[in-house]
Each structure stands twice: as structure tokens, then as C-alpha cells.
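One-letter residues, chain by chain:
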Amino acid sequence: GIMFVTFLTFTERREDAPRFMAEHNAWIAQGFADGVFLCVGSLYDGAGGAIVSIEASHASHETRLKADPFVVHGIVTVETRAFDVKRAIPALDHLKALA
């Protein structure tokens, strides 16, 4: 698997977010249920959110992101960076074996 950090940044359609929040939250719940999302949260500056995840490939990660209702409806844009875990706290040591 590959570790990803994804930033979801609100667009000018931010005011439409409440209409799709339940669907977006269901999409997040599915990411956790699939064992892909490690943590998600809101950015402190209110500009959007962030996701730390593990996916089998870049392609599978992109496919998952394209299914987010916030992405589908243009509420957010996404920027993803992949990285290779070199060091982690003991509870996360298993992440170093992903590459």
C-alpha cells in the first residue's frame, strides 16, 4: 500500500456543502470501513479538510476521491501527496512495511 495525505479545499461552491454533507460523511465512513482512511479532519483555517490514508495504488486512491460527493459536486478540489513511511511511533510501525 501507499500512504497518502489529501487536502480537500473548498471552492466558490462552499455554500452548497450542507446539501451534500450527509453523503460526504457516508463516503468518509466507507473509507474507514474499507480500512483505507486512518484519520480525517477539518483544517484549522476553515479552508477544507484533510485525510491520511493507505491505498493499494495511486489509481485506486484517485478513484476513491472522485467518488466523494464534495468532489462530484465541485464543493472541493483535492491535492494529494504520496509518501513512504520511514519512521513512526511503535503503534504505527506496521506502516513502514507498506512499501
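These remarks concern the structure in this document. (Residues numbered from 1 in each chain as written. Predicted model: local features only at pLDDT ≥ 70, side-chain atom pairs only at ≥ 80, totals over all residues. Heavy atoms only, no water.)

This next bit is on the overall build of the chain. Per the secondary structure count, the chain includes three helices and four strands. Element order for the chain, N to C, with α for helix and β for strand: β-α-β-β-α-α-β. Relative to a compact globule of 99 residues, whose C-alpha radius of gyration would be 13 Å, the chain shows 14 Å and is just as compact. With the C-alpha coordinates aligned to their principal axes, the bounding extent of the chain is approximately 40 × 25 × 20 Å. A separation of at least 24 residues holds for 70% of the contacts in the chain among residues at least 6 apart in sequence. (Helix = DSSP H or I, 4+ residues; strand = E, 2+ residues; numbered from the N terminus. Rg over C-alpha atoms; globule rule 2.2 N^0.38 Å. Contact = heavy atoms within 4.5 Å.)

Once that is clear, we can look at the sheet that holds strand β2 (residues 37-42). Read from one edge of the open sheet, four strands run β2-β3-β1-β4, paired in antiparallel fashion. Each having just a single partner strand, β2 and β4 (76-83) make up the two edges of the open sheet. Strand-to-strand twist in this sheet, taken as the mean axis angle between neighbours without regard to direction, amounts to 15°. Where β2 lies against strand β3 (residues 48-55), five bridges are found, and the strand directions are antiparallel. Bridging across to β3, V40 finds its partner in I51. (Pairing = 2+ DSSP bridges. Axes fitted to C-alpha atoms, helices over the stretch in contact; angles between N-to-C directions.)

One pass over the structure, following the stated rule, counts two aromatic pairs. Centroid distance W27 to F37: 5.3 Å. Interplanar angle 65°. Geometry classified as edge-to-face. Of this pair, W27 sits in helix α1 (residues 17-33) while F37 sits in strand β2, placing them ten residues apart in sequence. Taking the centre distance of 6.0 Å and the plane angle of 90° together, the rings of F32 and F37 count as edge-to-face. Residue class for F32 comes out partly exposed when judged on its relative accessible area of 36%. (Phe/Tyr/Trp six-rings, centres within 6.5 Å; stacked < 30°, edge-to-face > 60°. Buried < 20%, exposed > 50% of the residue type's maximum accessible area, 1.4 Å probe, protein only.)

Helix length check: α1, at 17 residues, gives a terminal C-alpha distance of 23 Å against a target of 24 Å (1.5 Å per residue), a fit within 8%. Roughly 30° is the biggest bend found in α1, and it falls at E23. Every buried residue belonging to α1 is among A17, F20, H24, W27, I28 and G31, and all of these are buried. Residues of α1 that are buried in the fold lie against β1 (2-10), β2, β3, α2 (58-66) and α3 (69-72). (Expected span 1.5 Å × (residues − 1). Bend = angle between axes of the 7 residues up to and from the residue.)

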